[in-house]
Amino acid sequence: MSPPVFLAGTDALERDRVLLDGPEGRHAAAVRRLRPGERVDLTDGEGLLAECVVAAADRASLTLDVRARHREPPPAPRLVVVQALPKGDRGELAVETMTEVGVDEIVPWSASRCVTRWRPERRDKALGRWRATAREAGKQARRSRLPQVAELESTEDVAERIAGASLALVLHEEAEAPLSAVEPPARGDIVLVVGPEGGISEDELERFGAAGGRPARLGPTVLRTSTAGVAAASVLLAATGRW
């Protein structure tokens, strides 16, 4: 069985003995009930992974001896998924599965046809749920480099991302070019836009096209917005050689 992964600061991971306390330490000691001699891995979420062994445990913390360190280089190319806000808790499902497959950044997008809206008074809480989901899914997937979850973006914000990308693709069921035929770049950002339940509007397609976005068809069936991102990301990660 693979050892559990917990988050710790970069400075802590550079020491030979680490005190894991706070929420991560309490979870490791009280919920996972880890004991001396058991294996634990720590990551700073930015590419550094430390292989550790529990030296001592109490009710709320672990003392860990670092046995080895590994640093994962930044991904190339970098995969950014712009995810239109889905209904209900499907947003967290999309974030969880995209994190598990290896997406590097997830951008919540308030598309014109989104059923869900993050009202200003609830925006921070909703964004916090997405970020917490990405953090926990990243640890579960044993990622040493956790995905970023950006602030909520408008259509104009997304168009600016598209303009700065090495490759930008907009999923659309009426596109002629299949996603599997796209040749990805070796470096830079690949920006993938996933529309809402109601589809991407003509105005949004036109704006994204003007910024350099290319429409692409994922397959013969129409997927839910909460599952289209992970399916498309899998295709692109395989094409780039990252899978």
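Residues numbered from 1 in each chain as written. Predicted model: local features only at pLDDT ≥ 70, side-chain atom pairs only at ≥ 80, totals over all residues. Heavy atoms only, no water.

Along the backbone of the chain there are seven helices and 11 strands. Relative to the compact-globule value of 18 Å for 243 residues, the chain shows a C-alpha radius of gyration of 20 Å, a close match. For the chain, the spread of C-alpha atoms along the three principal axes comes to 60 × 40 × 30 Å. Taken across its 243 residues, the chain has 49% of its residues classed as buried. (Helix = DSSP H or I, 4+ residues; strand = E, 2+ residues; numbered from the N terminus. Rg over C-alpha atoms; globule rule 2.2 N^0.38 Å. Buried < 20%, exposed > 50% of the residue type's maximum accessible area, 1.4 Å probe, protein only.)

Attention now goes to the nonpolar core. Trp109 and Val193 are the most contacted members of the largest nonpolar core, which has 51 residues in total. Per element, the largest residue contribution to this core is six residues, and it comes from helix 7 (residues 225-240). Setting aside chain neighbours within four positions, we find Val193 in contact with Val82, Trp109, Val158, Ile162, Leu169, Val170, Leu171, Ile200 and Phe208. (Core = buried A, V, L, I, M, F, W, Y, C linked by side-chain atoms within 4.5 Å. Contact = heavy atoms within 4.5 Å.)

When cut into domains, the chain gives domain 1 (5-71) and domain 2 (78-240). Using C-alpha coordinates to define each centre, domain 1 is positioned 32 Å away from domain 2. The interface of domain 1 with domain 2 comprises 12 residues on the first partner and seven residues on the second. For the pair domain 1 and domain 2, the summed buried surface comes to about 770 Å²; carbon and sulfur atoms form 52% of the total. Considering only the side of domain 1, the residues that lose the most area to domain 2 are Val5, Leu7 and Gly45, jointly responsible for 51% of the buried surface there. Scanning the region where domain 1 abuts domain 2 turns up two salt bridges. With its nearest N and O atoms 2.6 Å apart, the salt bridge here joins Asp41 to Arg142. Counting across the domain 1 and domain 2 interface gives seven residue pairs in polar contact (both at pLDDT 80 or more). Those elements that provide at least two residues to the side of domain 1 that touches domain 2 are strand 1 (5-7), strand 3 (39-43) and strand 4 (48-57). Broken down by element, the side of domain 1 that touches domain 2 gets its largest block of residues, three residues, from strand 1. (Domains from an automatic or database assignment. Buried area = accessible area lost by both parts, 1.4 Å probe. Salt bridge = Lys/Arg side-chain N within 4 Å of Asp/Glu carboxyl O. Polar contact = N/O pair within 3.5 Å; in protein donor to acceptor, adjacent residues only side chain to side chain.)

This part covers the environment of Ala12. In this structure, Ala12 sits in helix 1 (residues 10-13). For Ala12, a relative accessible area of 14% translates into the label buried. Sequence separation between Ala12 and Leu42 is 30 residues; the distance between their C-alpha atoms is 9.6 Å.

With numbering aligned to this structure, UniProt lists the feature "domain: Ribosomal RNA small subunit methyltransferase E PUA-like" (unreviewed entry) at residues 20-65. The span residues 20-65 is 22% helix and 43% strand, and its two end C-alpha atoms sit 11 Å from each other. (UniProt positions renumbered as here; feature names shortened; annotations may be inferred.)

Here the focus is the environment of Pro3. Tracing the backbone shows Pro3 in the segment before strand 1. In the structure, Pro3 is positioned 199 residues away from Glu202 in sequence and 48 Å away in space, judged by C-alpha atoms. Beyond its immediate chain neighbours, meaning those up to four positions away, Pro3 contacts Arg39, Val40, Asp41 and Arg142.

Take the side chain of Thr133 next. With respect to the helices and strands, the residue Thr133 is situated in helix 4 (residues 120-140). In this structure the side chain of Thr133 is engaged in a polar contact, spanning 2.8 Å, whose partner is the backbone oxygen of Arg129. Once residues lying within four places of it in the same chain are set aside, the contact partners of Thr133 are Glu92, Val95 and Glu96.

Looking now at the pattern of salt bridges. Tallying each qualifying case throughout the model produces 17 salt bridges. In this structure, Glu51 and Arg39 form a salt bridge, with 3.7 Å as the shortest nitrogen-oxygen distance. Of this pair, Glu51 sits in strand 4 while Arg39 is found in strand 3, placing the two residues 12 residues apart along the sequence. Of the residues examined, Glu51 reaches a relative accessible area of 24% and is grouped as partly exposed. Residues joined in a network through salt bridges with shared partners are Arg78, Glu105, Glu153, Arg161 and Asp189.

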